[in-house]
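What the coordinates show
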Amino acid sequence: MTDALQGLPFLKMHGLGNDFVVLDARIRPLALSEGTIRAIGDRHLGVGFDQLAVIEPARRADADCFLALYNADGSRTGACGNATRCVASLLLRETGKTLVGIETPAGLLTAWDAGNGLYGVNMGPARLDWRDIPLARPADTLALPVADIGLDAPVGVSMGNPHAVFFVPEVEALDIERLGRVIEHDPLFPERTNVEFAQVTGPDRIRMRVWERGTGITMACGSGACATLVAAARRGLTGRSADILLDGGVLSIAWRDDGHVLMTGPATLSFTGMLAALPT
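Described below are features of the structure shown in this document. (Residues numbered from 1 in each chain as written. Predicted model: local features only at pLDDT ≥ 70, side-chain atom pairs only at ≥ 80, totals over all residues. Heavy atoms only, no water.)

1. A word on the pairing of strand β16 (residues 260–266)
β16 sits mainly inside the fold: five of its seven residues count as buried. Judged from the six bridges that link them, strand β8 (residues 118–125) and β16 form a sheet pairing that is antiparallel. Bridge assignment links Y119 to a residue of β16, and that residue is G265. Hairpin connection from strand β15 (residues 249–255) to β16: four residues lie between these consecutive antiparallel strands, with G259 at a positive phi of about 95°. (Buried < 20%, exposed > 50% of the residue type's maximum accessible area, 1.4 Å probe, protein only. Helix = DSSP H or I, 4+ residues; strand = E, 2+ residues; numbered from the N terminus. Pairing = 2+ DSSP bridges.)

Written out as C-alpha cells, the structure is:
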C-alpha cells in the first residue's frame, strides 16, 4: 500500500452479508492501484471485502456524490445495489435529506430511507438488448447461447452491469462455484458476467444464489436480485414484484411499468478503522 493511504479511515459495511470497505475520497483523491485494492480486499492480510466502495465528489449538479466501485480482484464494476444502499444510509444521515442522488458509472441512482432499518434505491431501468448487456454478438436475451453446463439457457439482463440468470428446480443442489466460474468467462460476455441461479418458490418469492464476476460467491447481490426479478417476469414465472431470498437474507424488488427497478433492503455498519501498511 502507498504511504498516502496509511492511516486513512475506512468503514466496513454490508448489505445482507455482501460486504464492503467504504473509503471517502471527497476531500482528496486516492491513489488506488489494482494491487492496492487487492491488498485491502485480502481477507487474511488486509481488511477483506466483496467490493470496495469509494465515495468521490459528484460530477453532476443533481448528485450528492459519485460512487466508484471495485471488485476484489481490482477490476472496476459499474453497479452494486447493496453498496449503493450502504452509501445511501451514510449520505442520508450526513445531509439530513429525505432523498439522495448517487452518481455511478451506470447512471444516477436515487435512494431514500424506507424505515425500520431498510433503504430503498431506484436502480434505474433494466436493459434488455444484447448490446446493452453487452454480448459479443447478437443473441436472444431470453435464452442466451452460453456453454452447456447442464442447465436451461439463462436470461440476460443489464442493471448497469451484466447478468446471466439461470432458472433451476433446486438451487441448493448446484455447485455454484464451478458453474459460476465457467459462465463468468464465457466468450459471449466481453466484460465477463455475474451469474445468478434462481428457484421460483411462489408467485412473488424467489430463492437465488449468486456468483459475482471478479469476486466469486457472495451472500447477496443487489443488482443480481434486480436482474433475477426482471428475468423471472420476462419468462412469465412471477409478476413484476417479488421477495428475493439470498444467502444473507431478503431483498424486495419491484419492476415498474416505466422499466425502472426498485430495490429495498438493509444496510449495516460493521466497524470502522484506519488502513495500515499492507503488502501489494
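After that view of the structure, there is still more to cover.
2. Side note on the packing of aromatic side chains
Summed over the entire model, instances satisfying the criterion amount to two aromatic pairs. An angle of 80° between the planes, with centres 6.2 Å apart, marks the rings of F10 and F271 as edge-to-face. Of the two residues, F10 is situated in strand β1 (residues 9–15) and F271 in strand β17 (residues 268–274); the sequence distance between them amounts to 261 residues. Between the NZ or CZ atom of R59 and the centre of the ring of F66, over which it lies, the distance is 3.6 Å. If you follow R240 out to its NZ or CZ, it ends over the ring of W255, 4.0 Å from the centre. (Phe/Tyr/Trp six-rings, centres within 6.5 Å; stacked < 30°, edge-to-face > 60°. Lys NZ or Arg CZ within 6 Å of the ring centre and 35° of its normal.)

3. Looking at the nonpolar core
Ranked by internal contacts, the top residues of the largest apolar core, which has 53 residues, are V22, V87, V157, M159, I244, I253 and V261. Per-element tally for this core: the top contributor is helix α4 (residues 222–234), with eight residues. In terms of nonpolar packing, the next biggest core, distinct from the first, is built from 19 residues, I149, V168, L174 and I183 among them. (Core = buried A, V, L, I, M, F, W, Y, C linked by side-chain atoms within 4.5 Å.)

4. Re the environment of D50
Its location among the elements puts D50 in the loop between α1 (34–41) and β3 (51–56). In this structure, the C-alpha to C-alpha distance between D50 and S75, residues 25 residues apart in sequence, is 12 Å. Discounting chain neighbours no more than four positions away, the residues touching D50 are G17, N18, D19, R43, Y70, N71, A72, T215 and T218. A distance of 3.0 Å separates polar atoms of two side chains, one belonging to D50 and the other to N18. (Contact = heavy atoms within 4.5 Å. Polar contact = N/O pair within 3.5 Å; in protein donor to acceptor, adjacent residues only side chain to side chain.)

The values are spatial; any link to function lies outside them.
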